[in-house]
Amino acid sequence: GEDVEQSLFLSVREGDSSVINCTYTDSSSTYLYWYKQEPGAGLQLLTYIFSNMDMKQDQRLTVLLNKKDKHLSLRIADTQTGDSAIYFCAESKPAGNNRKLIWGLGTSLAVNP
Amino acid sequence: SAVISQKPSRDICQRGTSLTIQCQVDSQVTMMFWYRQQPGQSLTLIATANQGSEATYESGFVIDKFPISRPNLTFSTLTVSNMSPEDSSIYLCSVDRSGEQFFGPGTRLTVL
């Protein structure tokens with residue numbers, strides 16, 4: 001199947017760490033992405049990880065990939081109110097001569113002061 | 001990164017009419033993608049547009065309803081034809097650059 005699943009909501013206190021989880025089903029995925037969408041705004045590519053990596057860190061963001069369990073997570077350290085947004089997980093998989101993204105439904109992150 | 005612009009940014013249209021959305025990229029790309037994001041939903045791929053060939057449509061989308069042009073490596077258009085209120089959505093174009101996929105700001109379409 002082509003399912004990418006995420007929990008729909010996450011609420012954290014400002015300054016705490018946020019962990020957003022994602023599971024996928026297709027082991028042929030090459031890249032896995034995290035996108036951020038703020039209210040009324042476009043999609044912003046936050047970070048991505050290649051399927052042969054286990055971890056990627058970029059400032060406050062840490063991506064962990066467990067290929068055996070097909071589990072991807074995004075950790076945001078020291079979460080700020082500006083991090084409030086919807087976070088989409090997506091997997092990239094070959095589709096003929098192209099590549100296509102399969103998207104999760106998004107996790108709405110609420111950061112409380 | 002890639003700089004992608006879309007026109008119009010939003011429109012309100014009457015049922016039965018058509019709207020053409022333009023997507024311009026700041027540099028040449030082989031593949032351009034058109035997505036739809038319905039209210040409160042995730043993204044759904046409509047079609048992939050490669051320059052010099054017919055667009056490839058995903059299941060549930062047909063060329064008669066969503067004709068696409070790709071005249072060169074920096075530009076594409078998506079037309080939403082014979083619109084109904086169910087077509088109200090955000091339409092986004094996207095490009096793939098070395099494994100990273102970037103999105104335009106989207107066109108917010110409301111059909112009355």
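Every chain is numbered independently, its residues counted from 1 as its sequence is written. Labels follow written order: the first chain is A, the first ligand is 1, and so on. Residues qualify for local features only when their pLDDT is at least 70, as the model is predicted, and side-chain atom pairs are given and counted only at 80 or more; totals for whole chains, interfaces and linings, by contrast, use all residues. Neither water nor hydrogens contribute to the side-chain values; these are computed over all heavy atoms in the structure.

### As for the sheet that holds strand β3 (residues 19–25) of chain B
All names here are of chain B. The strand order across the open sheet formed by four strands is β1-β3-β8-β7, and the pairing between neighbours is antiparallel. The sheet is open, and its two borders are formed by β1 (4–7) and β7 (68–72), each paired with just one other strand. Strand-to-strand twist of the sheet, defined as the mean angle between neighbouring strand axes without regard to direction, takes the value 15°. Any two strands between which DSSP finds at least two bridges are classified as paired. Helix numbers and strand numbers start at the N terminus; a helix is a DSSP run of H or I with at least 4 residues, a strand a run of E with at least 2. As paired strands, β7 and strand β8 (residues 75–80) are joined by three bridges and run antiparallel to one another. Considered in β8, the bridge of Ser-69 is made with Thr-77. Axes here refer to lines fitted to C-alpha atoms; in helices the fit is confined to the stretch in contact. Angles between the N-to-C directions go from 0 to 180 degrees.

### A closer look at the interface of chain B and chain A
Chain B puts 20 residues into the contact, and the matching count from chain A is 17 residues. The term buried area denotes the loss of accessible surface (1.4 Å probe radius) that occurs when two parts are joined, taken as the sum for both partners. Contact between chain B and chain A buries roughly 1,500 Å² in total, counting both sides, with carbon and sulfur atoms accounting for 50%. Note on definitions: salt bridges are taken to be side-chain nitrogens of Lys or Arg within 4 Å of carboxyl oxygens of Asp or Glu. Taken together, chain B and chain A are joined by one salt bridge. Close ionic contact of A:Lys100 with B:Glu58 constitutes a salt bridge, the shortest N to O distance being 2.7 Å. We define a polar contact as two N or O atoms separated by no more than 3.5 Å, with the added condition that, inside protein, one atom must be a possible hydrogen donor and the other a possible acceptor, whereas residues neighbouring each other in sequence contribute only through side-chain atom pairs. Where chain B touches chain A, the interface holds four residue pairs in polar contact (both at pLDDT 80 or more). Mapped by element, the contributors of at least two residues to the side of chain B that touches chain A are β4 (31–37), β5 (43–50) and β10 (100–103) of chain B. Just so you know the grouping, Ala, Val, Leu, Ile, Met, Phe, Trp, Tyr, Cys and Pro go in nonpolar, Asp, Glu, Lys and Arg go in charged, and all remaining residues, Gly too, go in polar. Its residues assigned to classes, the side of chain B that touches chain A comprises eight nonpolar, eight polar and four charged. In this analysis, two residues are considered to be in contact whenever any of their non-hydrogen atoms come within 4.5 Å of each other.

### A look at the pattern of salt bridges
The tally for this structure, following the rule as stated, stands at five salt bridges over all chains. Residues A:Arg60 and A:Asp83 are paired through a salt bridge, measuring 2.9 Å at the closest nitrogen-oxygen approach. Placement of the pair is A:Arg60 in the loop between β6 (55–58) and β7 (61–66) and A:Asp83 in the loop between β8 (71–76) and β9 (85–95), with a sequence separation of 23 residues. Residue burial is assigned from relative accessible area. The probe radius is 1.4 Å, only protein chains are included, and a residue is buried under 20% of its type maximum, exposed over 50%, and partly exposed in between. The partly exposed category is assigned to A:Arg60, whose relative accessible area is 31%. Here B:Lys65 makes a salt bridge to B:Asp87, at a shortest N to O gap of 2.6 Å. Of this pair, B:Lys65 sits in the loop between β6 (56–57) and β7 while B:Asp87 sits in the loop between β8 and β9 (89–97), placing them 22 residues apart in sequence. Taking the relative accessible area as the measure of exposure, B:Asp87 reaches 5% and is therefore buried.

### Thoughts on the packing of aromatic side chains
Here a ring pair, both rings aromatic, is described through the centre-centre distance and the interplanar angle of the planes. Residues and elements named next belong to chain A. Any two of the Phe, Tyr and Trp rings considered here, Trp counted by its six-membered ring, make a pair once their centres fall within 6.5 Å; the pair's planes then place it as stacked at under 30 degrees, edge-to-face at over 60, or tilted in between. Considering all chains together, one arrives at twelve aromatic pairs over all chains under this definition. Note on Tyr-33 and Tyr-48: the rings are 5.9 Å apart at their centroids and 35° apart in plane angle, and the pair reads as tilted. One end of the pair, Tyr-33, is in strand β4 (residues 31–37); the other, Tyr-48, is in strand β5 (residues 43–50), with 15 residues separating them in the sequence. In terms of burial, Tyr-33 and Tyr-48 fall into one category: buried.

### As for the side chain of A:Thr47
All names here are of chain A. Residue position: Thr-47 is located in strand β5. Residue Thr-47 is classed as buried on the basis of its relative accessible area, which comes to 4%. Once you skip the residues sitting within four places of it in the chain, Thr-47 turns out to touch Leu-32, Tyr-33, Trp-34, Lys-56, Val-63 and Leu-74.

### Quick notes on unusual backbone geometry
Residues B:Lys7 and B:Pro8 are joined by a peptide bond in cis, for which omega reads -5°. Relative to the helices and strands, B:Pro8 is located in the loop between β1 and β2 (10–13). Its identity is not glycine, yet A:Lys70 carries a phi of approximately 55°, on the positive side. Here A:Lys70 lies in the loop between β7 and β8. On the basis of relative accessible area, A:Lys70 is assigned to the partly exposed category, the value being 23%. The backbone of B:Asn82 sits at a positive phi, close to 45°, despite the residue not being glycine.

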